[in-house]
Amino acid sequence: MTKRELAKVYEPHQVEARWYEYWASRGYFRPRTDAQAEPYSIVIPPPNVTGSLHVGHALNNSLQDILIRWRRMQGCAALWIPGMDHAGIATQNVVERQLAAEGATREALGREAFVQRVWQWKEQSGGTILRQLRRLGASCDWDRTRFTMDEGLSKAVREVFVRLYEDGLLYRGERLINWCPRCLTALSDIEVEHEETTGKLYTIRYPLADDPLRHLLVATTRPETMLGDTAVAMHPDDERYRHLIGKRVQLPLTTRDIPIVGDPILVDREFGTGAVKITPAHDFNDFAAGERHHLPRVKIMDLHALLAAPLLRTAEAEPSVVEVIGGLPVNKARPKIEHMLAERELLEKIEPHKMALGKCYRCKTVVEPMLSDQWFVRIQPLAEPAIRVVEEGEIRIIPEAWKNNYLGWMRDIKDWCVSRQIWWGHQIPAWYCETCYGRPFLKRASDGAAVIPSDAVPIVAKTQPQACAQGHPTLHQDPDVLDTWFSSALWPFSTLGWPEQTEDLKKFYPTSTLVTGLDILFFWVARMIMMGLKFMGNVPFRDVYIHALVRDAEGQKMSKSKGNVIDPLHVMEQYGTDSLRFTLASMSTPGRDIKLAEERIEGYRNFANKIWNAARFILMNLDGRRAAVPAPERSVADRWILSRLNATIRSVTQSLEQYRFDQACGTLYQFIWHEYCDWYLELAKVSLQQPDSSEAQQTRQTLLESCETVMRLLHPFMPFLTEEIWQTLPHEGESIMIRPYPIVDPTWEDQKAEDSLSLFQHSIALLRTGRALVNYSPSAQVAFFVDSLNPGGPVTLRALKTALRVLGRGPVEVLPHAQWNAPRLLRLSAQGLTVGLHIQGEVDVKKAVDRIIKQRDEEQKEALRLQGKLSNKEFVDKAPPEIVADHHQRLAAMTQNQAILESSLRQLQAMA
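Residues numbered from 1 in each chain as written. Predicted model: local features only at pLDDT ≥ 70, side-chain atom pairs only at ≥ 80, totals over all residues. Heavy atoms only, no water.

### Some thoughts on the overall build of the protein chain
Here comes step 1: Helix and strand content of the protein chain: 31 helices and 33 strands.
Here comes step 2: Seen through its C-alpha atoms, the protein chain measures out along the principal axes to roughly 110 × 65 × 50 Å.
Here comes step 3: Buried residues in the protein chain amount to 55% of all 912 residues.
Here comes step 4: Contacts in the protein chain between residues at least 24 apart in sequence constitute 77% of all its contacts with a sequence separation of at least 6.
Here comes step 5: When the accessible surface of the protein chain is totalled, it reaches about 39800 Å², and 50% of it is carbon and sulfur.
Here comes step 6: Computing the positive centroid from 109 side-chain charges and the negative centroid from 113, the protein chain places the two 3 Å apart. (Helix = DSSP H or I, 4+ residues; strand = E, 2+ residues; numbered from the N terminus. Buried < 20%, exposed > 50% of the residue type's maximum accessible area, 1.4 Å probe, protein only. Contact = heavy atoms within 4.5 Å. Areas by Shrake-Rupley, 256 points an atom, 1.4 Å probe, with all protein chains shown as cover. Lys, Arg positive; Asp, Glu negative; His and termini not counted. Charge placed at Lys NZ, Arg CZ, Asp CG, Glu CD.)

### Details of the side chain of His 547
Here comes step 1: Within the element layout of this structure, His 547 appears in strand β27 (residues 541–547).
Here comes step 2: A distance of 3.1 Å separates a polar atom in the side chain of His 547 from a polar atom in the side chain of Asn 60.
Here comes step 3: Among residues more than four places away in sequence, those in contact with His 547 are Leu 59, Asn 60, Leu 63, Val 515, Thr 516, Gly 517 and Leu 518. (Polar contact = N/O pair within 3.5 Å; in protein donor to acceptor, adjacent residues only side chain to side chain.)

### Thoughts on the sheet that holds strand β6 (residues 185–187)
Here comes step 1: If you trace the 4 strands from one edge of the open sheet to the other, you get β6-β5-β16-β18, paired in antiparallel fashion. Bordering the open sheet on either side are β6 and β18 (416–417), each of which pairs with just one other strand.
Here comes step 2: As paired elements, strand β5 (residues 170–180) and strand β16 (residues 368–377) share 10 bridges and run antiparallel to each other. By the bridge assignment, Arg 175 is partnered in β16 with Ser 372. (Pairing = 2+ DSSP bridges.)

### Observations regarding the nonpolar core
Here comes step 1: Judged by nonpolar contacts, the single largest core of 234 residues is most densely connected at Tyr 406, Phe 486, Leu 596, Tyr 676, Phe 717, Ile 725 and Phe 760.
Here comes step 2: Here this core gets 15 residues from one element, more than from any other, and that element is helix α23 (residues 661–687).
Here comes step 3: Apart from the residues lying within four places of it in its own chain, the contact partners of Ile 725 are Leu 6, Ile 611, Trp 612, Ala 615, Cys 707 and Met 711.
Here comes step 4: Counting residues in each nonpolar core, the second largest holds 44 residues, with Ile 258, Val 322, Leu 328 and Leu 347 among its members. (Core = buried A, V, L, I, M, F, W, Y, C linked by side-chain atoms within 4.5 Å.)

### Let's talk about the environment of Arg 144
Here comes step 1: Looking at the element boundaries, Arg 144 is found in the loop between α6 (128–135) and β4 (146–147).
Here comes step 2: On the basis of relative accessibility, which here comes to 23%, the residue Arg 144 falls in the partly exposed class.
Here comes step 3: Along the chain, Arg 144 and Lys 560 lie 416 residues apart, while their C-alpha atoms are 34 Å from each other.
Here comes step 4: In terms of polar contacts, Arg 144 uses its side chain to reach the side chain of Asp 141, at 2.3 Å.

### A few points about the sheet that holds β27
Here comes step 1: Taking strand neighbours across the sheet as the criterion, the 3 strands line up as β17-β27-β26 in an open arrangement whose pairing is parallel. Two strands in the sheet have a free side with no partner beyond their single neighbour: β17 (396–398) and β26 (511–517). Looking at each pair of strands side by side, their axes are set apart by 20° on average, direction ignored.
Here comes step 2: Strand direction decides the pairing type here: β17 and β27, joined by 3 bridges, are parallel. The partner of Ile 397 across the bridge, within β27, is Val 544. (Axes fitted to C-alpha atoms, helices over the stretch in contact; angles between N-to-C directions.)

### Focus: unusual backbone geometry
Here comes step 1: For the peptide bond that leads from Ile 398 to Pro 399, omega is 0°, which places it in the cis range.
Here comes step 2: Looking at the element boundaries, Pro 399 is found in the loop between β17 and α13 (401–411).
Here comes step 3: With phi around 60°, Ala 305 is a residue other than glycine that occupies positive phi space.
Here comes step 4: Checked against the element boundaries, Ala 305 lands in the loop between α8 (284–293) and β13 (306–307).
Here comes step 5: Residue classification places Ala 305 among the buried residues on the basis of a relative accessible area of 8%.
Here comes step 6: At Glu 316, a position not held by glycine, the phi torsion is positive, near 65°.
Here comes step 7: Structurally, Glu 316 can be placed in the loop between α9 (309–314) and α10 (319–325).

### Notes on the packing of aromatic side chains
Here comes step 1: Applying the stated rule across the entire model yields 34 aromatic pairs.
Here comes step 2: Ring centres of Phe 114 and Trp 423 lie 5.8 Å apart, and the angle between their planes is 70°; this geometry places the pair in the edge-to-face category. With Phe 114 in helix α5 (residues 111–124) and Trp 423 in the loop between β19 (419–420) and β20 (430–433), this residue pair connects regions lying 309 residues apart in the sequence.
Here comes step 3: Here Phe 114 falls in the buried class, since its relative accessible area comes to 0%.
Here comes step 4: Within the aromatic cluster, the residues linked to one another by ring pairs are Phe 582, Tyr 604, Phe 607, Tyr 669, Trp 673 and Phe 717.
Here comes step 5: Above the plane of the ring of Trp 23 lies Arg 69, whose end atom (NZ or CZ) is 4.5 Å from the centre. (Phe/Tyr/Trp six-rings, centres within 6.5 Å; stacked < 30°, edge-to-face > 60°. Lys NZ or Arg CZ within 6 Å of the ring centre and 35° of its normal.)

### Comments concerning the pairing of β26
For a regular strand, side-chain orientation follows a simple rule: the groups alternate between the two sheet faces.
Here comes step 1: Along β26, 7 of the 7 residues are buried, which leaves the element largely enclosed by surrounding structure.
Here comes step 2: Pairing between β26 and β27: 6 bridges, direction parallel. The residue of β27 that forms the bridge with Leu 514 is Val 544.
Here comes step 3: In this fold, the crossover linking β26 to β27 by way of helix α18 (residues 521–536) has right-handed handedness. (Right-handed = clockwise from strand over helix to strand, strands pointing away.)

### Quick look at the pattern of salt bridges
Here comes step 1: Inspection of the entire model under this criterion finds 66 salt bridges.
Here comes step 2: The partner of Arg 135 in a salt bridge is Glu 16, and the shortest N-O contact between them spans 2.7 Å. Within this pair, whereas Arg 135 is found in helix α6, its partner Glu 16 is found in helix α1 (residues 16–25), the two being separated by 119 residues in sequence.
Here comes step 3: For Glu 348, the salt bridge is made with Arg 205, and the minimal N-O distance between the two is 2.6 Å. Of this pair, Glu 348 sits in strand β15 (residues 347–360) while Arg 205 sits in strand β7 (residues 192–208); the two residues are 143 residues apart in sequence, bridging distant segments of the chain. (Salt bridge = Lys/Arg side-chain N within 4 Å of Asp/Glu carboxyl O.)

Below is the structure:
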């Protein structure tokens, strides 16, 4: 691209689209093909095809892009694979809502036509989020974009399903599952969100069958499920009830008797009454107890979670009970049950009770435990190696604190229900022969699909068979589809072409880093580890970086109902993409949620403007000549900035290696704003006052070298701004994004220059403190003295006398402080350095005294607060180390400043 000048003001929207198209059109997002390039790969956590970019996506993908750009610049064959998840339930809901608006239903449309309609929607409207990721600057290899329902990934899904079945790790059976009565599908345990709520604990009287005047007291939070009870349990060691084990009780509101059993696993003697009802068809713990005691399973709810009259009759509920609650949902049936129990004097008491209410993670409907025929993955054999690789460090979980969460969940993992009763998704590759079964399958009234009997034997195959083993063509495919997470569990290798042995698979598997949120550690990450080990014989990635959640400025979860959502698309339009990216990365402190406010983003927009203005200053002062001057031969200021830049390169690189994005951003911000702009550019202006001098030419060379290096160092974080500036500088290559990332240069290290500038900065800082205390305006020319007790200090200060005069805004003398001679002189001393400031007639000394007293008192109050926190062992033990260190640093600075204030106060009081 031809060289262009920088505009007076940085306008991100005039820059971003142009550079993104430039990068994409030249293929810079593709990995290098040279054999010696080390592979580095990331697979994107596939966003839902229904999704739109929210601030969580912006964080996740900004961090991935920082890593991939950094590794690309380091010379790696860097591959970032994009893609989308078909999001079975969510996508089906979107299209069903469209049909409803048209007065149609999926059942009326039929399965094949409905699926075609979803594909049509996907092609026209799905994938909006991938287009929005380009706006974020995501440098994915878009030529390799994958979709969990495309042909290659569908082939991988069928391959895995068949092999799991053949290995005995996949089975179909009647089990209790989580059921969403709105989505009408099974859910896995981790698809159920638990919400704390206050309900009721009902204590019900169960009359003894052989002596109805006596009764057991049974406590429950769900009295309506009592109609499906098949036993009452108590602890066999409970002396209150031991003599009752083996007897029977009358089940209230029914005509049934049920047994009393002893169960030390189910019953907590300290909870409730010590007697527990067992409802195997509607409670997970009860289901397990029912299996231990060989109890029948009595269903009382239909798929819509209604207390169905036919089921109630089968459960032998009294006719009057069936008449009152038959067909009612749980929330309406419960008070009627309560009323009937009270009428019969079977309700002992009702108490408030806190409990966790399970809800569907998609639609937030209350989930019901439901007895159902489903497909399950036998998970324990897969979990054991997945535990080992994390324990032994083959996979690192970062921050490490989440490692124990992962291991704890994996050690208590349950079989995974992988079938879903929807139409959009990978239909289960299993067929059933009606002829071999011996009688016709029933048909569902809603869509005419075959209802597969529990005892029908499946034919599992990668492709549809034409007939069963006996030659019968009467085959029906299982109507269920696979859980969306089943296909995404294969993502690290299916996206690389598996089950084919592709070159991408050989080169880029295992992938290098997975960047994800904590909320899908178990949904997705654990399952990818299990599937990668099973089918690739190797881990799917080396590092798992778990980033924080983004909340609002008060720490609340963002939601449209609260009106506290920050829209990243709006923010990027208003403040620029780079500002948003840098803000999110700078706040990514391990283990701490991000409390995001637009003011923070605005602050980093100001940072971008600061960089822009610095670049404009540098460009205006370059003269087109290059001076090949070794670093050691340059001025103190030039040597200092190169040494500080070298230290910054080392620190940023180490922080990125450790996934400390926050520290990397902090280092960059501190160096660019406070060292480069606030100090070096001001010192460079001093050198440039004599434009034809050799020192000025050396400074121009340093300005060019340092600015170009800073742009490369900053590029992964702020790609658009840095490309725009870099292209205006004299440079080599077509784009900054394919130039080498800066590395530490030993020839730039110069501790002597750093010590010299540190003394200079300290001098100016003391002088500015004195000017502020007496309220001199920033532009006022004020004479001052300076002296240092440090070895070589006076020599250094004399060498920098011109810079001291310019930045100190006044004539300066470098003299031993014993020789200072002035009628009114305010002396400020710290760390062996003393600055003397002339107090001239326009200064109101009395007001200065009052200001210092007020400032001293305020700082003392703050110092006492910090001391109190640091002396609190609980705070020191629990607070993040960086917070504790910051408190110590602030307290030390305040202690030093207190000494300066007290000394200044005494001097000014004497003058007054």
